[in-house]
Amino acid sequence: MKIKSLAAASIAGLLFLSGCGADSDPAASETTSAPTQSAMTSEEPMESEAPMESEAPMEESGTIVDVAAANPDFETLVAAVTAADLVETLSGEGPFTVFAPTDAAFEALPEGLLDALLLPENKDALTSILTYHVLPAEVMAADVTAGEVATVEGSTIEVKTEGGVMVNDANVVATDVDASNGVIHAIDAVLVPASVDVNALLG
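Residues numbered from 1 in each chain as written. Predicted model: local features only at pLDDT ≥ 70, side-chain atom pairs only at ≥ 80, totals over all residues. Heavy atoms only, no water.

Asks: I would appreciate a short explanation of unusual backbone geometry in the present structure.
Replies: Peptide bonds are, in most cases, trans, and in most cases residues other than glycine have a negative phi. The step from glycine 94 to proline 95 runs through a cis peptide bond, and the omega angle for that step is 5 degrees. Summarising the element assignment, proline 95 is placed in the loop between α6 (87-90) and β1 (96-101). (Helix = DSSP H or I, 4+ residues; strand = E, 2+ residues; numbered from the N terminus.)

Encoded structure:
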């Protein structure tokens, strides 16, 4: 996969774009729904297996895009966000919660799928997958409960808390990576909404 070079080439542009990005994304903000508020409010803490590091101190953290671009575990995610033209959206006012797949999560996808998703003709599918990882509200680890949660993509994800926190079939491996417009929780698998036909992409 030609991801490392694409990510490296995009990071400088991302930092510039995020600094000049739109103040908000009305479309994302309007998608907040009742399931999000009811399922993601609790005193039960989300457990983290290992902390994710950010180069910026918490009090000076940049946007979600800035923080992801500064973290070597999110190089593929940054490349995908760039290819989907979501830099401006995720640099907006928010707030957002991003369940961010690590580079290892992207590497675990079926062979050829990531390369296919990064093709211009598959931009809509890539956008659907990425926005399926985003909630239109800031939800910290301490506020998580089990239930169905509405995403920016439009459909819901299932949060499970028994025996460790999971989002659909992905494990949450790090929590509360702070950003100025929301928070990032790292996960170990890429979530694919029902609207995306993976077999068609691989065919």
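Asks: Whenever I open this one, the nonpolar core confuses me. Can you help?
Replies: Nonpolar side chains tend to gather and get buried jointly when the protein is soluble and globular. Grouped together as the largest cluster of nonpolar side chains are 39 residues, with contacts concentrated most on Phe74, Leu77, Val81, Leu117, Leu126, Leu130 and Ile184. Dropping the residues within four chain positions of it, leucine 126 is found in contact with Ala80, Ala83, Ala84, Leu117 and Leu118. Listed in part, the 14 residues of the second largest apolar core include Phe99, Val144, Ile157 and Ala170. (Core = buried A, V, L, I, M, F, W, Y, C linked by side-chain atoms within 4.5 Å. Buried < 20%, exposed > 50% of the residue type's maximum accessible area, 1.4 Å probe, protein only. Contact = heavy atoms within 4.5 Å.)

Asks: Is there a simple way to think about helix α5 (residues 75-83) in this case?
Replies: In an α-helix, one turn spans 3.6 residues; hence positions three or four apart end up facing the same way. Those residues of α5 that sit buried are Thr76, Leu77, Val78, Ala79, Ala80 and Val81. Following α5 by one or two positions, aspartate 85 has its phi on the positive side, about 55 degrees.

Asks: What's the story with the pairing of strand β7 (residues 182-187) in this structure? I'm lost.
Replies: Successive side chains on a regular strand alternate, one facing one side of the sheet and the next facing the other. Burial analysis of β7 places six of its six residues in the buried class, the great majority of the element. Here β7 shows a buried face lined by Gly182, Ile184 and Ala186 and a second buried face lined by Val183, His185 and Ile187. By the bridge criterion, six bridges tie β1 to β7 in an arrangement that is parallel. Counterpart to phenylalanine 99 in the pairing with β7 is histidine 185. Sheet topology note: the strand β6 (residues 170-179)/β7 ladder contains five bridges and is antiparallel. Opposite valine 172, over in β7, you have isoleucine 187 as the bridge partner. (Pairing = 2+ DSSP bridges.)

Asks: Would you explain the side chain of threonine 131 in this entry?
Replies: Structurally, threonine 131 is set in helix α9 (residues 123-131). According to the relative accessible area criterion, threonine 131 is buried, its value standing at 13%. Leaving out residues up to four positions away in the same chain, threonine 131 has contacts with Leu86, Thr151, Val152 and Glu153.

Asks: Explain the confidence of the model for the chain here, please?
Replies: Interpretation of this model should avoid reading the predicted coordinates in detail wherever pLDDT is low. Across the chain, the average pLDDT comes to 79, with 70% of residues at or above 70. In this model, residues 1-38 is a region of pLDDT below 50 whose contacts with residues beyond four sequence positions or in other chains number 60 contacts. Note that residues 41-59 has pLDDT below 50 and, in this model, 42 contacts with residues that lie over four places away or in other chains. (pLDDT = per-residue confidence, 0-100.)

Asks: Would you take a moment to explain the environment of leucine 109 for this structure?
Replies: Turning to its location among the elements, leucine 109 is positioned in the loop between α7 (103-107) and α8 (113-117). The residues touching leucine 109, leaving out its near neighbours within four places in the chain, are Leu114 and Val190.

Asks: Help me understand α9, please; the structure alone is not making it clear to me.
Replies: All of the buried residues along α9 are Ala125, Leu126, Ile129, Leu130 and Thr131. Where α9 is buried, its residues meet α5, α8, β2 (134-135) and α10 (198-202).

Asks: What is the right way to look at the sheet that holds β6 in this model?
Replies: Sheet strands pair via backbone hydrogen bonds, and the direction of the pair is either parallel or antiparallel. Read from one edge to the other, the open sheet built from seven strands follows the order β2-β1-β7-β6-β5-β4-β3, with strand pairing classed as mixed. At either end of the open sheet lies a strand with only one pairing partner, and these are β2 and β3 (147-150). Bridge count for strand β5 (residues 166-167) against β6 is two bridges, and the pairing is antiparallel. Directly across from methionine 166, in β6, lies its bridge partner asparagine 171.

Asks: Just checking my understanding: could you explain the pairing of β3 for this structure?
Replies: Bridge analysis of β3 against strand β4 (residues 156-160) gives four bridges, and the strand direction is antiparallel. Residue pairing in the sheet places alanine 150 in a bridge with threonine 156 of β4. Hairpin connection between β3 and β4: a loop of five residues separates the two successive antiparallel strands, and glycine 154 in this loop has a positive phi of roughly 120 degrees.

Asks: I'm lost on the side chain of serine 91 in this one. Help?
Replies: By the secondary structure assignment, serine 91 is in the loop between α6 and β1. Under the relative-accessibility criterion, serine 91 is labelled buried at 6%. Here the side chain of serine 91 touches valine 87 through a polar contact of 2.8 Å, landing on its backbone oxygen. (Polar contact = N/O pair within 3.5 Å; in protein donor to acceptor, adjacent residues only side chain to side chain.)

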